[in-house]
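Structural characterization, general
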Amino acid sequence: MKASSGYAGVPRWVLAIAIIGALFVVLPLVAMVVRVNWGQFIPLITSKESTDALLLSLRTSGAATLLCIIVGVPMALVLARTRFPGQRIVRSLVLLPLVLPPVVGGIALLYTFGRQGLLKAPMDFLGIQIAFSTTAVILAQTFVALPFLVLSLEGALRTVGTRYEAIGATLGAGPTTVLRRITLPLVLPALVSGAVLSFARALGEFGATLTFAGSLQGVTRTLPLEIYLQRESDPDAAVALALVLVAVAILVVGLAHQASLGNAGGRQRLL
């Protein structure tokens, strides 16, 4: 009798519960698709308000993702490759926006970068005003999206270990060379996956943006804010825009999943 290469048996009751869970997620999406006014779908999503909100969301989410990469990669490296007192506390604080209500994050940003915030004096000296501007949208999105990149990359760094980095160091490569030539290529799929998830989280951000940046068309009114406003005045437009956001989210999650599979495959080849 030939032995199986892997165990794939699942109890029927587990399968039944899994189906119920899947329906819990899928049925609301189906209900939304059914509710869409397909005859007016294109005009609804191409109105000036809708296109302004969509383009603003794409621009700010892209900028927020770039910020997440710039600061998130060093943060993940420090958390995964160093040891220092209070590291668990620091890690918890870094990941706090994952569980923090977004509106609380918006209040925190407002009392940091607002006109009467913690950094009021240096900002007044430099003539900088951040709150209720497009920059505020980017900062709010970065605040809530950053942990997704840090968590993905830190996990990948811990998984690949330090063996290859140690070999590079023994061959005379400096820390920066090891980082550039060994570490980052090893975890590149995880970095891409984390960046894609960060983009998706930034694109869907609502509470922190509304609290810290407000809702000004073409300046701070992102697509989630536009959907919220249209919900009362034009439900058909709200549902159509929500469907667009769902479609973008599905695409982004699919890309992140492919990157994760690539990361797993790359580790298997190395091992």
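In short, a report on the structure. Residue indices follow the written sequence of each chain, beginning from 1 at its first position. For this predicted model, a pLDDT threshold of at least 70 governs which residues receive local features, and a threshold of 80 or more governs which side-chain atom pairs are given and counted, while totals over whole chains, interfaces and linings are taken from all residues. Remark: hydrogens and water are excluded; side-chain values derive from all non-hydrogen atoms of the structure.

**Some thoughts on the pattern of salt bridges**
- Criterion for a salt bridge: a side-chain nitrogen of Lys or Arg within 4 Å of a carboxyl oxygen of Asp or Glu. Considering all chains together, one arrives at nine salt bridges under this definition.
- Asp124 is the salt-bridge partner of Lys120, the closest N and O atoms lying 2.9 Å from each other. Here Lys120 pairs with Asp124, and both are found in helix H6 (residues 120-126), just four residues apart, close to one helical turn.
- Exposure classes here rest on a 1.4 Å probe applied to the protein chains alone. A residue is buried below 20% of its type maximum, exposed above 50%, and partly exposed in between. Here Lys120 falls in the partly exposed class, since its relative accessible area comes to 30%.
- Looking at Asp124, the relative accessible area reads 46%, which means it is partly exposed.
- A salt bridge links Arg201 to Glu205; the shortest N-O distance between them is 3.2 Å.
- Overall, Arg201 belongs to the partly exposed group, its relative accessible area being 23%.
- In this structure, a network of salt bridges that share partners links the residues Arg91, Glu154 and Arg158. Helical segments are the DSSP runs of H or I of at least four residues, strand segments are the runs of E of at least two, and each set is numbered from the N terminus.

**As for the packing of helix H4 (residues 87-94) against helix H7 (residues 134-160)**
- Only the contacting stretch of a helix is used when fitting its axis, a line to C-alpha atoms as for every element, and angles between N-to-C directions run 0 to 180 degrees. Two elements in contact, H4 and H7, have axes whose closest approach is 10 Å; the angle formed by their N-to-C orientations is 135°. By the angle class used here, H4 and H7 are oblique. Mapping the contact onto sequence places Gln87, Arg91 and Val94 in H4 and Pro147, Val150, Leu151, Glu154 and Arg158 in H7.
- Gly falls in the polar group here, along with every residue not listed as nonpolar (Ala, Val, Leu, Ile, Met, Phe, Trp, Tyr, Cys, Pro) or charged (Asp, Glu, Lys, Arg). Partitioning the contact of H4 with H7 into residue classes produces four nonpolar, one polar and three charged. Angle categories: roughly parallel below 35 degrees, roughly antiparallel above 145, roughly perpendicular from 65 to 115, and oblique for all the rest. Contacts are residue-level and defined by heavy atoms, with any inter-residue pair within 4.5 Å sufficient.

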